[in-house]
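Structure at a glance
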Amino acid sequence: MAISETTRAQMREVLVRYPRKRSALMPLLHLAQADDGYVSADGISVVADLVGLTDAEVTAVATFYTMYLKQESGHVRVGVCINSLCALLGGDEIWDALVDHCGVGTNQTTDDGTITLERIECQAACTHAPVMTANWEFLDDMTVAKARHVVDDVRSGRSVQSTRGPAVRTFADAGRVIAGVDDGLVAEGDHRDDRMLAGLRIAQQNGDADRSAEAERQGASKVKGR
Ligand code: FES
């Protein structure tokens, strides 16, 4: 499928942020993927031309990283964390339930094209295990019932609210944000809560004030720059 003019314009906007064109390769691949639902041959050629690399060099990168897809994604990629903490607290059970509920396995898409299921690694969100993601937005403290509900809402076209971010957007919208296109939603949702800050509070109670203040400052700047 041909890359749209809108996406080409966004690629040029992102490209000029980088002192060396080739440094923009990965964000541009996300834009190509947002347009086609996967990284197509046309997407590779357009990106190669913009960053001054060969199609073969861009293909080498696109086929190395698992976030770049070789086949079209469903509208929402539903990820279930299957690493140790989430798995022990119910992630394995959630995964099995969703496979059964959706009738597809890992990296497979439902017949209606709405859901692609994937097994994901630790999202550094273990404070709220078991964790799922929907187009990379967090869904914390999941249960089998809540997971089925998320899938049913997506398939019925109902909005799904992430736990600490905006409502879940389309695969294309999420890909554009990953590439660095501002969607104006940075302030949506609660980013930190008591459980996430428990370690910080213990450090403060132990009198480790300098390190805890620095950690808090870094946490705040990460949220701002998100
Ligand atoms: S093990 Fe699932 S978020 Fe860390």
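Please read these numbers as outputs of a predicted model, since none were measured by experiment.

Conventions adopted
- Residues numbered from 1 in each chain as written.
- Predicted model: local features only at pLDDT ≥ 70, side-chain atom pairs only at ≥ 80, totals over all residues.
- Heavy atoms only, no water.
- 1 Å grid on protein atoms, 1.4 Å probe; cavity = no way out; pocket = protein on both sides within 12 Å on 5 of 7 lines; lining within 4 Å.
- Points joined across faces, edges and corners; volume = space filled by probe spheres on them.
- Helix = DSSP H or I, 4+ residues; strand = E, 2+ residues; numbered from the N terminus.
- Nonpolar A, V, L, I, M, F, W, Y, C, P; charged D, E, K, R; others polar.
- Salt bridge = Lys/Arg side-chain N within 4 Å of Asp/Glu carboxyl O.
- Buried < 20%, exposed > 50% of the residue type's maximum accessible area, 1.4 Å probe, protein only.
- Contact = heavy atoms within 4.5 Å.
- Polar contact = N/O pair within 3.5 Å; in protein donor to acceptor, adjacent residues only side chain to side chain.
- Phe/Tyr/Trp six-rings, centres within 6.5 Å; stacked < 30°, edge-to-face > 60°.

Time to look at empty space enclosed by the protein. Leftover empty space is mapped by rolling, across the atoms, a probe with the size of a water molecule. A full pass over the atoms with the stated rule returns one cavity of 30 Å³ or more. Roughly 30 Å³ of internal volume is contained in the largest cavity. His30, Gln33, Ala34, Trp136, Phe171 and Gly175 together form the lining of the largest cavity. Contributions of two or more residues to the lining of the largest cavity are made by α2 (25–36) and α7 (171–179). In terms of residue count, α2 provides more of the lining of the largest cavity than any other element does, three residues in total. Looking at the lining of the largest cavity, its residues break down into three nonpolar, three polar and no charged.

Here we take up the pattern of salt bridges. Applying the stated criterion across every chain yields a total of ten salt bridges. In this structure, the salt-bridge partner of Arg195 is Asp141, at a minimum N-O distance of 3.1 Å. With a gap of 54 residues between them, Arg195 in the loop between α7 and α8 (198–205) and Asp141 in the loop between β5 (137–139) and α6 (144–155) connect regions that are remote in the sequence. Of the residues examined, Arg195 reaches a relative accessible area of 43% and is grouped as partly exposed. What emerges from the salt-bridge pattern is a single network uniting Glu137, Arg169 and Asp183.

Glancing now at the environment of Thr163. Looking at the secondary structure, you find Thr163 in the loop between α6 and α7. The class for Thr163 is partly exposed, based on a relative accessible area of 41%. Separated by 27 residues in the primary sequence, Thr163 and Asp190 have C-alpha atoms spaced 7.6 Å apart. Sequence-distant contacts of Thr163, that is, excluding residues within four places in its chain, are made with Phe138, Leu139, Asp140 and Asp190. Separated by 2.8 Å, the side chain of Thr163 and the backbone nitrogen of Asp140 make a polar contact.

Moving on, we come to unusual backbone geometry. The linkage connecting Ala129 with the following residue, Pro130, adopts the cis geometry, with an omega of -5 degrees. Phi at Ala124 takes a positive value of approximately 55 degrees, unusual for a residue other than glycine. Relative to the helices and strands, Ala124 is located in the loop between β3 (115–120) and β4 (132–134). We classify Ala124 as exposed; its relative accessible area is 70%. Here Trp136, not a glycine, exhibits a phi torsion of approximately 70 degrees, which is positive.

Okay, the environment of Gly189 next. In this structure, Gly189 sits in the loop between α7 and α8. Residues Gly189 and Ala87, spaced 102 residues apart in sequence, show a C-alpha to C-alpha distance of 26 Å. Beyond its immediate sequence surroundings of up to four residues, Gly189 is in contact with Arg164 and Gly165.

Turning our attention to the packing of aromatic side chains. Scanning the model with the defined rule gives three aromatic pairs in all. Look at Phe64 and Tyr65: their rings are 4.9 Å apart centre to centre, the planes differ by 85 degrees, and that puts the pair in the edge-to-face class. When its relative accessible area of 62% is taken as the criterion, Phe64 is described as exposed. Ring geometry for Tyr65 and Tyr68: centres 6.4 Å apart, planes at 85 degrees, overall edge-to-face. A residue is classified by how much of its surface remains accessible, and Tyr65, at 36% relative accessible area, is partly exposed.

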